[in-house]
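Below are the chains, spelled out letter by letter.
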Amino acid sequence: MLQAAVGYVRKNPDEVVRAAVNATGLRFGVPLATLRWFAGQINGKKAPKDVEIASVPPALRFAATVDAMGTAVRASAAIKIDEVTIAEDSVRIGVRLRDVKLELAGDSDSPVATLIKSGALDLSKPGNLVKFVPKKPAAIVEAEGDRIVLDLMKMPKLANDPRVRKLLGIVSPVLGIRAIETDRDHLYVKLRATPTGLLEAASKLRDAI
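In this text the structure is predicted, and so the values were computed from the model without any measurement.

How each quantity is defined
Residues numbered from 1 in each chain as written. Predicted model: local features only at pLDDT ≥ 70, side-chain atom pairs only at ≥ 80, totals over all residues. Heavy atoms only, no water. Phe/Tyr/Trp six-rings, centres within 6.5 Å; stacked < 30°, edge-to-face > 60°. Lys NZ or Arg CZ within 6 Å of the ring centre and 35° of its normal. Pairing = 2+ DSSP bridges. Helix = DSSP H or I, 4+ residues; strand = E, 2+ residues; numbered from the N terminus. Salt bridge = Lys/Arg side-chain N within 4 Å of Asp/Glu carboxyl O. Buried < 20%, exposed > 50% of the residue type's maximum accessible area, 1.4 Å probe, protein only.

A. Summary view of the packing of aromatic side chains. Scanning all chains against the criterion turns up one aromatic pair. Geometrically, the ring pair formed by tryptophan 37 and phenylalanine 38 is edge-to-face, given 5.2 Å between the ring centres and 80 degrees between the ring planes. One Lys or Arg, arginine 27, reaches over the ring of tyrosine 188 and ends 3.7 Å from the middle of that ring.

As structure tokens, then:
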């Protein structure tokens, strides 16, 4: 990973200046090339294959071949994060999914393949489909229309980790996320600083120590 990062900076020396300028405004950019590199490192039998990442400002477009109940499906969508709310006991992320497409990656007569071929799925409102999925992941707390809301602290591994809760208690009073958006070749995270929360954060830090 370090070699890849150094190689990228050598090929794109202006990234250092760009990062410094953005940091003064609490704005941090991640090159899409970095996301593509990480996607290429994902391994495993059930892992997405042939992942593609592109920019459709202010959203990201993802495409990948996934295993849907034993059926290979090429899935793609434009993804826009329109809410990130960080608190001591929750991390809510609102996601809008648009231009969703599902295509069979091969011949199949499975129930999933039959459903896709029939065109019965209303892909313009993926949230409505997710809402009625049995045994949804605990992290999905809302689903309606083209929007899905996740609360990462509903995931047992995070919820039961005292280190995560302590970190959120220290960070949440002073730092938040205003927006996550893209331009042609970067993903940008815009932070929000709240100096009035410093005393509360300092108190939580003392308790943690």
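Right, picking up where we left off after that structure.
B. Focus on the pairing of strand S3 (residues 59–68). The pairing of strand S2 (residues 49–56) with S3 spans six bridges and is antiparallel. When the bridges of S3 are listed, alanine 54 appears paired with arginine 61. Bridge analysis of S3 against strand S4 (residues 71–87) gives nine bridges, and the strand direction is antiparallel. Counted as the bridge partner of arginine 61 is alanine 78 from S4. In this antiparallel pair of consecutive strands, S3 and S4, the connection spans two residues, and methionine 69 shows a positive phi of 55 degrees.

C. Quick look at the pattern of salt bridges. Within this structure, the stated rule accounts for 17 salt bridges. A salt bridge links aspartate 99 to arginine 61; the nearest nitrogen and oxygen atoms lie 3.2 Å apart. Pair noted here: aspartate 99 is in strand S5 (residues 90–104) and arginine 61 is in strand S3, with a separation of 38 residues, a long-range link. Judged by its relative accessible area of 44%, aspartate 99 falls in the partly exposed class. In this structure, a network of salt bridges that share partners links the residues Asp82, Glu83, Arg92, Arg96, Arg98, Glu142, Asp146 and Arg147.

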